[in-house]
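Structure assessment
The primary structure of each chain is shown beneath.
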Amino acid sequence: MPGPDPFLLELRGVTKRFADNGVTANRDVHFALVEGEIHALVGENGAGKTTLMRILCGLESADRGAILFRGAPVRIRSTADADRLGIGMVHQRFCLIDGFTVAENIVLMREPRSRLLFFDREGSRRLVRELAGRYGLEVDPDASVASLSVGQKQRVEILRILYRGSRVLVLDEPTSLLTEQEVCAFFEVLRQLKRLGHTILIITHKLEEVGEIADRVTVMRGGQVVDTRRAAEADPASLARMMVGKEVLLQVRKGPFAPGRPLLRVRGLTLLSPASPRPLLKQVSLDIRSGEILGVAGVAGNGLAELEDAMTGMTPAGQLQGAVSLDGRDILGASSARLRRLGLAYVPADRLHRGSSLSMKLSDNLIVKDHHHFLWNGILRRRTIADFSRDLIRRFDIKGHMSAPIRMLSGGNIQRAVLSRELSGKPGLLVISEPTWGLDILSSEFVYREIVARRDAGTAILLISSNLDEVLALSDTVAVLYRGEVAGCFRNEGLDREFLGGYMLGLRRQDAAERGA
Amino acid sequence: MNRNRQLGLASFLTVLAAILASFAIAVALIFVFSKNPGQTLYYYFLGPFLSRYALFNMLESSVPLMFTGLGIALAFNSGVTNLGGEGQIFSGALVAVVVGIAVPAAPRALGVLAILAGGTLAGGLLAGFSGVLRRRWNVSELLTTYLLSSGVVYVINYLILGPLRNPQKMTIESVSIPAWFMLARLAPPSFLHSGLLLALAAAGAVYFLVYRTHLGYELRASGSNRQFARYGGINVGQYFVLPLLLSGGLTGLGGAVQVVGRYQSCFTDLTAGLGWNGIAVALIARNNPLAVVPAALLYAYLSAGAKAAMINSDVTFELAAIIQAVIFYLITAEAAMAFFRRRLNG
């Protein structure tokens, strides 16, 4: 081997499989950081970026493979281990204590003491000022964290890991919440950190940022590393191609597309939330006919979750504008209860906390959609409920007892329980988000068949998924959301991943004339 | 394999372990502080069983605990907190007296029914008002039930000391309701009255309501996970007022039963912490309405034991209180932890 190991930190053949849902998040991953570089890690949702990062930071442990630090094998079994190696992480959601000052947050857990025992307030202010000065990260040590902007909070997070002596900074989608001016300032900070010899791993969806800030870039897809190359040689289009891949593996057999009457009609739907400076949904217009599957694709953070909420009555009151009608009835801002009465079935992306009540029995969970139907003078018909539950348990192969709390079931079986409930019966409109999260291939195929069976029976289906293969395999029509807007809407004929990927990543956009056509 | 049954058994065993551990600490405390530990232990743990009189009085003292325990358990099942048991019992008792003296000539059954209904309504409206505040202005019912209850106690004290005071009694108490409205004594000379049967019936009714009816299903769904309930098409907004109304109604009924079963009138210390002890009972029972019955009995047994030990041995009031506190602390802490862990996970 020629010379010493050139890498600061290296992963060799790392594999991580999650036992509870059987998903292999990282498969034989080789990845390396050079000291003093800014390295970008890009990939679709579920490509394995987050798992890789969590392994580096000691939040997950790999099943197989080795981690090398300066050429020597190390084990990172906890965040304390990562800390000792000088690896620090800034999460996408900040972990700061609102009621504390900036200085208190930064020194937390490593507080300077005076006379052995007491918190040294003046000392910690001084330390924070010094640190901030050295890195050019201006903060007011006495400001309360609650009063800071997102960009300022991010500085505090970075100062905190620097205070702990981190030399390797792992940043999870650091720019996703920043305004454009803040992004510029943030990149300046990164360059300053680099000049001072720090190594930075930045995870991002924004391909244009890669060329701007990174020295090298690694692309992941399906739990594997596709390639690592110099950022200067990677233009956004080629990165997008690598991210989405080309092959469509998934084939779902479905009958000819024979749409019926228009059922769901959305016009100019806009979502303004007090939590966000820009609209989370902007002038979204969509149509779904009975017997049609409309697939909505997009990268996380571009309005998919908001669209799911808006179509199912889960958006907080008063935030929606525009016009939405279901079968001719105005349903803008209608409650979930009203939509359910109008025939809505809904599989939420969050199966655990929205789709189920973990402390209630499996059978109690299975009847929630139709619980009004199991009554005799206001009393629950226990035998009918038991028969109904047994039927779903058998048909969807749910492993669990119907009178056990649903939290006793494995993740995959909770998924199946939620799916079985919402796919049973004859819904007029089915909103289904991430239908195969956490399911193995056989179960996924079963779910696809069930979805197609609803379509063929005349249900209008809104499919929201960050899995592009799934969208392409199931949909009759595909809409792409980018930054809360419909970037494009197409009949699903001859579409491929690369084409849609361009719209998902904001590289292409359908104009009004094209949409009208 | 019945995992469900195993779970139930496990949760029963943990409660049992907590009870045994707390008993062990109580025994240790008695050995340290009592000059005659043998005698103290004897009265503390066997005192309530030494005579029919003591036994039936212990049963009597469990009756109001059953009502308050049921009220609190119903609230917890529905995901709302009712810390106003004291005020609700007290207003239930006061309104019971007022109704009783307002209709002295009514037929007995009708009169008793009116008294009980009045007490129920009083407690229910008091707690229900907190539900309205929660629904309309999102004010925490945890605070308002407590604050309203604390305020109401003073208003009722004023009424007892002033307009409703019985001038013929040496003690400070309200006028008495006619004697023929009093419930039947089941085992004289003890105080045990037929309110016990009413409490048992209430436990059955609350259990049926919570686990077998449509309303109970929606209450449990809203209580265990409001987002899930809303998602499932349940109108969760209404489930702040209704469960508090029912919860306060049960506690208020408990207050009215104290009047028609035991005291015949209302006096300033009638509640004696029953509202708070109801929370302990509900936690020991893991919010299961049927388990409230044994939980209330356990609570009454331990209180009666402390009293017997104070009368018959050298246990001071303070020591009895400390021992009682240790026992309840351990049992409820274990139950409360399980409850709140579930709330957090759910």
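Above this note sits the structure.
Below, the structure is looked at part by part. (Residues numbered from 1 in each chain as written. Chains lettered and ligands numbered in written order. Predicted model: local features only at pLDDT ≥ 70, side-chain atom pairs only at ≥ 80, totals over all residues.)

Observations concerning the overall build of chain A
Applicable threshold: The helix count covers DSSP runs of H or I at least four residues long, the strand count covers runs of E at least two residues long, and both are numbered beginning at the N terminus. Put simply, the radius of gyration uses C-alpha atoms, and a globule should come to 2.2 Å times the residue count raised to 0.38. Partly exposed residues are those falling between the two cut-offs: more than 12 but fewer than 20 other C-beta atoms within 10 Å of their own, whereas 20 or more means buried and 12 or fewer means exposed, with C-beta atoms placed from the backbone.
What chain A contains, in helices and strands, is 17 helices and 24 strands. In summary, chain A has a C-alpha radius of gyration of 25 Å against a globular reference of 24 Å for 517 residues, a match within 12%. Sorting the 517 residues of chain A into buried and exposed places 44% on the buried side.

Describing unusual backbone geometry
A cis amide bond links proline 188 of chain B with the next residue in sequence, proline 189 of chain B, at an omega value of 10 degrees. Along the chain, the position of proline 189 of chain B falls in the loop between helix H6 (141-161) and helix H7 (195-212). The backbone of aspartate 28 of chain A shows a phi angle near 50 degrees, a positive value even though the residue is not glycine. Its place among the elements puts aspartate 28 of chain A in strand E2 (residues 24-33). Since 14 C-beta atoms lie within 10 Å of it, aspartate 28 of chain A is described here as partly exposed.

A word on the environment of glycine 71 of chain B
Residues and elements named next belong to chain B. So the rule is basically this: Whether two residues are in contact depends on their C-beta atoms, placed from the backbone: they are in contact if these lie within 7 Å.
Among the secondary structure elements, glycine 71 is positioned in helix H3 (residues 52-77). Sequence separation between glycine 71 and glutamate 86 is 15 residues, and the spatial gap between their C-alpha atoms is 12 Å. If we skip the residues at most four places from it in the chain, glycine 71 touches Asn82, Gly85, Ser247, Gly248, Leu250, Thr251 and Gly278.

Describing the packing of H7 of chain B against helix H8 (residues 214-224) of chain B
All names here are of chain B. Here is the rule: Between N-to-C directions, angles span 0 to 180 degrees; the directions come from axes that are lines fitted to C-alpha atoms, helices contributing only their stretch in contact. To sort the angles, those under 35 degrees are grouped as roughly parallel, those over 145 as roughly antiparallel, those from 65 to 115 as roughly perpendicular, and the leftovers as oblique.
At a closest axis distance of 5 Å, the pairing of H7 and H8 adopts a crossing angle of 70 degrees. In terms of their interaxial angle, H7 and H8 are classed as roughly perpendicular. In this structure, H7 uses Leu209, Val210, Tyr211 and Arg212 to contact H8, whose residues at the interface are Leu215, Gly216, Leu219 and Arg220.

Looking at the sheet that holds E2 of chain A
All names here are of chain A. Put simply, the rule is: By definition, two strands form a pair when at least two bridges between them are found by DSSP.
Here we have 4 strands laid out as an open sheet, ordered E2-E1-E4-E5, and antiparallel in their pairing. In this open sheet, the two edge strands, each paired with only one partner strand, are E2 and strand E5 (72-74). Each strand axis lies, on average, 30 degrees off the axis of its neighbour in the sheet, ignoring direction. Examined bridge by bridge, strand E4 (residues 64-69) and E5 share 3 bridges and lie antiparallel to one another. What sits directly across from leucine 68, in E5, is proline 73. Here helix H1 (residues 49-56) sits on the sheet and contacts strand E1 (9-17) and E2; the angle it forms with E2, its principal contact strand, is near 60 degrees.

Side note on the interface of chain B and chain A
The cut-off we apply is this: Under the grouping applied here, Gly and all other residues not named as nonpolar or charged are polar, the nonpolar ones being Ala, Val, Leu, Ile, Met, Phe, Trp, Tyr, Cys and Pro and the charged ones Asp, Glu, Lys and Arg.
Contact residues are listed per partner, giving 22 residues for chain B and 24 residues for chain A. Of all the secondary structure elements, the ones that give two or more residues to the side of chain B that touches chain A are helix H1 (3-33), H8, helix H9 (226-231) and helix H13 (317-345) of chain B. Per-element accounting of the side of chain B that touches chain A gives the leading share, 6 residues, to H8 of chain B. Residues that form the side of chain B that touches chain A fall into these classes: 6 nonpolar, 11 polar and 5 charged.

Side note on the pairing of strand E21 (residues 429-433) of chain A
Residue and element names in this part refer to chain A. By the criterion of burial, E21 is predominantly enclosed, with 5 of the 5 residues buried. Of the two faces of E21, the one carrying Leu429, Val431 and Ser433 and the one carrying Leu430 and Ile432 are both buried. Bridge count for strand E18 (residues 344-347) against E21 is 4 bridges, and the pairing is parallel. Residue pairing for E21: alanine 345 is matched across the bridge by leucine 430. One ladder, built from 5 bridges, connects E21 with strand E22 (residues 460-464); its direction is parallel. Looking across to E22, one finds that isoleucine 432 is bridged to leucine 463.

Remarks on the packing of helix H11 (residues 274-284) of chain B against helix H12 (residues 292-312) of chain B
Residues and elements named next belong to chain B. Rules: Crossing handedness follows the turn of the near helix against the far one: under a right angle anticlockwise gives a left-handed crossing, and clockwise gives a right-handed one.
Interaxial distance between H11 and H12 falls to 8 Å at its minimum, and their mutual angle equals 125 degrees. One way to sum up the angle between H11 and H12 is to call them oblique. For the pair H11 and H12, the crossing hand works out as right-handed. Residues Asn277, Ala280, Val281, Ala282 and Ile284 of H11 lie in contact with H12, whose contacting residues are Val292, Ala295, Ala296, Leu298 and Tyr299. Class assignment of the residues belonging to the contact of H11 with H12 gives a composition of 9 nonpolar, 1 polar and no charged.

Here we look at the environment of serine 247 of chain B
Residues and elements named next belong to chain B. Tracing the backbone through its elements, the reader meets serine 247 in helix H10 (residues 241-263). Along the sequence, serine 247 and threonine 81 sit 166 residues apart, while their C-alpha atoms lie 9.5 Å from each other. For serine 247, the contacting residues outside a window of four places in its chain are Gly71, Ile72, Leu74, Ala75, Asn82 and Ala127.

Here we look at H7 of chain B
Residue and element names in this part refer to chain B. For the record, the criterion: Residue count minus one, scaled by 1.5 Å, sets the expected span of a helix. Think of it as the arc spanned by the lines of direction from the helix axis to the C-beta atoms.
The end-to-end C-alpha distance of H7, which contains 18 residues, comes to 25 Å, matching closely the 26 Å that a straight helix rising 1.5 Å per residue would cover. Taken as a whole, H7 has its buried residues at Gly195, Leu196, Leu198, Ala199, Ala202, Ala203, Val206 and Val210. Around the axis of H7, the buried residues are gathered within 150 degrees of arc, so they sit on the same side. Considering only its buried residues, H7 is in contact with H3, H8, H10 and H12.

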